[in-house]
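For reference, the chains in residue letters:
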Amino acid sequence: MQKTMIARLLPAALLALASGSASAAGFLLLEQNASGIGNAYAGSAAVAENASTIYFNPAGMTQLQAREVSAGLSLVRPSFKFTNQGSRTGFLTANAQDAGDWAALPNAYLSWALDKDLYVGIGMGAPFGLVTEYNNDWVGAAHSVKFDIRTININPSIAWRVNDKVSLGFGLNWQKMDVEYVKRVAL
């Protein structure tokens, strides 16, 4: 009985440990720092290049100078296009214009040492967002004309250097999200 239960729970536990993060239906924005964009975020959890380590690994603050600031602004221009191949839904039959538009994604991080082994920091970014907005008569207007997601993430963190080889970090994420969803009534 006990072996059967372990045999059933072990795969589920391993699957839960190996699962990745969700991408929020394409609204995930990984533009959390300029240095990370430059190397496609390779090793971001292991390398502490600047104060933006607060977002990926707060323990990395112990590898920084006594005070560090990192700030950036990414400009993003997504493109969402639709071409109707003959679909009809009442009077909604039109093609759609490009539903993407320019967006500015800010990020800022501040890390400072309270003593040689204890660091505190705070970060701010926008991990989810963007907007899609189609014209009112496009064929999919009954499903969506506009979908707008805007988030702000505030990330207070603390790190402690245990010794030269081990540091421990802890951070909280407080997020505020504003969402607007507009669709037309299908006739």
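Here the residue numbering is sequential within each chain, running from 1 through the sequence in written order. In keeping with the predicted nature of the model, local features appear solely for residues at pLDDT of at least 70, side-chain atom pairs appear and are counted solely at 80 or more, and the whole-chain, interface and lining totals rest on all residues. Derived side-chain values reflect all non-hydrogen atoms in the structure, with water molecules and hydrogen atoms excluded from consideration.

S.K.: It is not clear to me how the overall build of the chain should be interpreted in this structure. Could you clarify?
M.R.: Of regular secondary structure, the chain possesses three helices and seven strands. Helix and strand assignments come from DSSP, with helices taken as H or I runs of at least 4 residues and strands as E runs of at least 2, each series counted from the N terminus. Reading the chain from its N terminus to its C terminus gives the helix and strand order α-α-α-β-β-β-β-β-β-β. For the chain, buried positions account for 34% of its 187 residues. In the chain, the proportion of contacts linking residues at least 24 apart, taken out of those at least 6 apart, comes to 64%. Total accessible area on the chain stands at roughly 11,700 Å², and carbon and sulfur atoms take up 61% of it. A simple rule labels every residue: compare its accessible area, found with a 1.4 Å probe on the protein chains alone, to the largest value its type can have, and call it buried under 20%, exposed over 50%, or partly exposed in between. Contacts between residues were defined by any pair of non-hydrogen atoms, one from each residue, lying within 4.5 Å. The protein chains shown are the only cover counted for residues, whose accessible areas, like all others here, come from Shrake-Rupley with a 1.4 Å probe.

S.K.: I'm lost on the environment of Val47 in this one. Help?
M.R.: Tracing the backbone shows Val47 in the loop between helix 2 (34–38) and helix 3 (53–56). Note: C-alpha distance between Val47 and Asn57 (10 residues apart in sequence) is 8.6 Å.

S.K.: Please clarify how the nonpolar core should be interpreted in this entry.
M.R.: A general feature of soluble globular proteins is that nonpolar side chains tend to end up buried together. By nonpolar core we mean a set of buried residues, namely Ala, Val, Leu, Ile, Met, Phe, Trp, Tyr and Cys, connected to one another through side-chain atoms within 4.5 Å. In this structure, Ala51, Ile54, Met61, Leu64, Tyr109, Ala113, Tyr119 and Ala159 together form the largest nonpolar core, which totals eight residues. Residues within four places of Ile54 in sequence aside, it is in contact with Met61, Tyr109, Leu110, Ser111, Gly121, Ile122, Gly123, Asn155 and Ser157. In terms of nonpolar packing, the next biggest core, distinct from the first, is built from seven residues, Ala99, Trp138, Val139 and Val145 among them.

S.K.: How should I be thinking about the side chain of Ser52 in this particular structure?
M.R.: Structurally, the position occupied by Ser52 is in the loop between helix 2 and helix 3. We classify Ser52 as buried; its relative accessible area is 3%. Polar contacts, as used here, are pairs of N or O atoms within 3.5 Å; protein pairs need one atom able to donate a hydrogen and one able to accept it. Residues neighboring in sequence count only if both atoms are side-chain atoms. Of the polar contacts made by the side chain of Ser52, one reaches the side chain of Asn50; its length is 2.4 Å.

S.K.: Sorry if this is basic, but what is going on with the pattern of salt bridges here?
M.R.: Think of it this way: side chains of opposite charge can pair up when their charged atoms draw near. A pairing counts as a salt bridge when a side-chain nitrogen of Lys or Arg comes within 4 Å of a carboxyl oxygen of Asp or Glu. Summed over all chains, the structure comprises six salt bridges. With its nearest N and O atoms 3.3 Å apart, the salt bridge here joins Arg77 to Asp98. Residue Arg77 is found in the loop between strand 1 (67–76) and strand 2 (103–113), and its partner Asp98 is found in the loop between strand 1 and strand 2; the two are separated by 21 residues along the sequence. When its relative accessible area of 38% is taken as the criterion, Arg77 is described as partly exposed. Its salt-bridge partner being Glu180, residue Lys146 comes within 3.2 Å of it at the nearest N-O pair. Of the two residues, Lys146 sits in strand 5 (residues 146–161) while Glu180 sits in strand 7 (residues 174–182), which places them 34 residues apart along the sequence.

S.K.: Would you mind showing me how to read the packing of aromatic side chains here?
M.R.: Each aromatic ring pair is described using two quantities: the centre-to-centre distance and the angle formed by the ring planes. To pair, rings of Phe, Tyr and Trp, with the six-membered ring standing in for Trp, must have centres within 6.5 Å; the planes then decide the type, stacked if under 30 degrees apart, edge-to-face if over 60, and tilted in the middle. Applying the stated criterion across every chain, the model contains two aromatic pairs. Aromatic pair Tyr55 and Phe56: ring centres 4.8 Å apart, planes at 85°, arrangement edge-to-face. Here Tyr55 falls in the partly exposed class, since its relative accessible area comes to 26%.

S.K.: Looking at this structure, I do not really get a nonpolar patch on the surface. What am I missing?
M.R.: Together, Trp160, Val162, Val166 and Leu168 line one region of the surface with nonpolar side chains, adding up to about 350 Å² of accessible area. Checked against the element boundaries, Val162 lands in the loop between strand 5 and strand 6 (167–171). What goes into a patch is any residue over 30% in relative accessible area without a salt bridge, connected to like charges within 9 Å or, for nonpolar side chains (Val, Leu, Ile, Met, Phe, Trp, Tyr), within 5 Å.

S.K.: What should I look at first to understand unusual backbone geometry in this one?
M.R.: Residues other than glycine predominantly adopt negative phi, and peptide bonds predominantly adopt the trans conformation. For Leu130, which is not glycine, the phi dihedral falls at a positive 95°. With respect to the helices and strands, Leu130 occurs in strand 4 (residues 129–133). We classify Leu130 as buried; its relative accessible area is 14%.

S.K.: Explanation requested: the environment of Ala66 in the structure shown.
M.R.: Relative to the assigned elements, Ala66 resides in the loop between helix 3 and strand 1. Taking the C-alpha atoms as reference points, Ala66 and Trp112, 46 residues apart in sequence, are found 5.3 Å from one another.

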